[in-house]
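Breakdown of the fold
Next come the chains, spelled out residue by residue.
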Amino acid sequence: MSVPSMMPTEGNFSTDVFPFVDGNGTSVTNESVRSALFASHGPYQGVQVGYLVIAIILSLVGNLAVIVVVAYDKKLRKPGNYLLCGLSCGDIVQSLSFVPTALMVLTRGLDYRPTGADCVFQGALFQVASVFSLNAIGAIAFDRYQFICNPLHYRTRMTKTKIAGMLVLCLILGVIAGVAPYIEGQTYQFRPGYLMCRYHGFVGADRVIMTVCCFVPTVVVMTYTYGNIFKEARRHQKRLWQESNKSSAQDAEFRRGLKTAITIGIVFVVFWVSWLPFLVTAISLNYTEDKDLTIVQCVAQRVTPMVYLVSTFTNPIIYCFRNRTFLTALCNLAEKIVGVKKPGYREKRLSLRMKSVKSQSSFSSSLGRVVSK
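From a predicted model like this one, the values you see are computed outputs, not experimental measurements. (Residues numbered from 1 in each chain as written. Predicted model: local features only at pLDDT ≥ 70, side-chain atom pairs only at ≥ 80, totals over all residues. Heavy atoms only, no water.)

Let us now look at a nonpolar patch on the surface. Taken together, the side chains of Leu171, Val175, Val179 and Ile183 present a nonpolar region at the surface, about 290 Å² in accessible area. Among the secondary structure elements, Val175 is positioned in helix 6 (residues 160–178). (Patch = residues over 30% accessible without salt bridge, like charges linked within 9 Å, V, L, I, M, F, W, Y side chains within 5 Å. Areas by Shrake-Rupley, 256 points an atom, 1.4 Å probe, with all protein chains shown as cover. Salt bridge = Lys/Arg side-chain N within 4 Å of Asp/Glu carboxyl O. Helix = DSSP H or I, 4+ residues; strand = E, 2+ residues; numbered from the N terminus.)

Shown next, in the form of structure tokens:
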């Protein structure tokens, strides 16, 4: 294995943009490519910069809220929610490793070139965080499987120690994928089309490692867990039809667990839908030089990383819509921070009931007085 080198990016990229060709083979001028790739020279700077700023704010605020709420509310201090906190940490790292570099590229264009050490740090950190997040979703799905299909053994099987071990395993897989260039003897290079630092591979070790560390384990775990979860849901529904007591506490607990499992499934779908275009683009263009890219490929390099960024801030929004306990805890925390306590849904409903009871009692008393007269 060769020693990894940190090659400065100044020596690898000239100040001019490489010429590109469109789908018909027609050469495109440097000025057109400059306008398309680098928004500081084109009309779409405000749109891209605005989107990135909104995305990183939503990611930081939303994911930090998840971590703080779980730490604040005792009802949410459960093994599955600790895994959600780990996923939130991965999303935060992805945003912080991608957005600042992207903003520098968009605002300064080719005048901005990170050093070799900065490029290695940014590229490897983003790779580690993305692989960690994907595997963390698989770990959360496994936790929901244990909760629904093995409820009697859930507390003994999914302890805090085992949850920490699962997160460490996800991190190890991310680190393995992050050092893939060093296995090939290469290093991360600044790719302005992607708005980030990436690497080229020669023997395909990057693809093999990414497949082993990401796709196969996660897809297998998700397929196995959700197949068994839905089978258990069908068996549970049949038992409810046969039993007379359909509103037991055990049934309510099972429905809450099933709803949480569906929520994690939505998170998984959002992650894959946003990440798959970026993954396909990165793999298909891994051995293509910048000068050989078509206009469609250039646009794919710019758009797909931004689409992937959606997965870093949508999880807290999904939790708020799907988990009433989380939303209530978040509202309580916000009220405590602001210092203004507003009546919640239950308080409003209780006050309305009290008013109706008082009105009915006053009406009955007045009616009694009328009758006595």
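We are not done yet, so read on.
Attention now goes to the packing of aromatic side chains. The description of two aromatic rings rests on the distance between their centres and on the angle between their planes. In total, this model carries 15 aromatic pairs according to the counting rule given. Ring plane angle 80° and centroid distance 6.1 Å describe the contact between Tyr319 and Phe326, whose orientation is recorded as edge-to-face. Here the two residues Tyr319 and Phe326 agree in accessibility, since each one is buried. Taken together, the ring pairs connect Phe98, Phe126, Tyr194, Phe268, Phe271, Trp272, Trp275, Phe278 and Tyr308 into an aromatic cluster. The positively charged end of Arg144 is found above the aromatic ring belonging to Phe147, 4.7 Å away from the centroid. (Phe/Tyr/Trp six-rings, centres within 6.5 Å; stacked < 30°, edge-to-face > 60°. Buried < 20%, exposed > 50% of the residue type's maximum accessible area, 1.4 Å probe, protein only. Lys NZ or Arg CZ within 6 Å of the ring centre and 35° of its normal.)

For the rest of this paragraph, the subject is helix 4 (residues 116–149). The end-to-end C-alpha distance of helix 4 is 50 Å, a good match for the 50 Å that 34 residues give at a rise of 1.5 Å each. Among the 34 residues in helix 4, 29 count as buried, and that is most of the element. (Expected span 1.5 Å × (residues − 1).)

The end-to-end C-alpha separation of helix 6 is 27 Å, in line with the 27 Å expected for 19 residues at 1.5 Å each. Among the residues of helix 6, Ile163, Met166, Leu167, Cys170, Gly174, Ala177 and Gly178 are the ones counted as buried. Buried positions in helix 6, seen along its axis, are confined to an arc of 125° and lie on one side of it. With respect to the buried face of helix 6, the exposed residues turned more than 90 degrees away are Thr161 and Leu169. (Arc of directions from axis to C-beta.)

Averaged over every residue, the pLDDT of the chain is 75; the share at 70 or more is 70%. No element of the chain has a lower mean pLDDT than strand 1 (residues 20–21), at 40, and none a higher one than helix 2 (residues 45–72), at 90. Segment residues 1–31 is flagged for pLDDT under 50; beyond a separation of four residues in sequence, or across chains, it makes 67 contacts in the model. (pLDDT = per-residue confidence, 0-100. Contact = heavy atoms within 4.5 Å.)

Our next topic: unusual backbone geometry. In this structure, Leu195 is a non-glycine residue whose phi angle is positive, near 65°. Within the fold, Leu195 resides in the loop between strand 3 (189–191) and strand 4 (196–198).

What follows concerns the nonpolar core. In terms of nonpolar packing, the biggest core is built from 76 residues, with Leu52, Phe98 and Trp275 touching the most fellow members. Here this core takes 15 residues from helix 4, the largest share from any one element. (Core = buried A, V, L, I, M, F, W, Y, C linked by side-chain atoms within 4.5 Å.)

Okay, the state of the cysteines next. For the structure shown, the criterion picks out 1 disulfide. Between the sulfur atoms of Cys119 and its disulfide mate Cys197 the distance is 2.1 Å. Measuring the twist about the S-S bond at about -125°, one finds the Cys119-Cys197 disulfide to be left-handed. Here Cys197 lies in strand 4 and Cys119 lies in helix 4, a separation of 78 residues in the sequence. Relative accessible area serves as the criterion here: at 0%, Cys119 is assigned to the buried category. Not part of a disulfide, Cys320 finds its nearest cysteine sulfur in Cys331, a span of 7.8 Å. The exposure class of Cys320 is partly exposed, given its relative accessible area of 21%. (Disulfide = S-S within 2.5 Å.)

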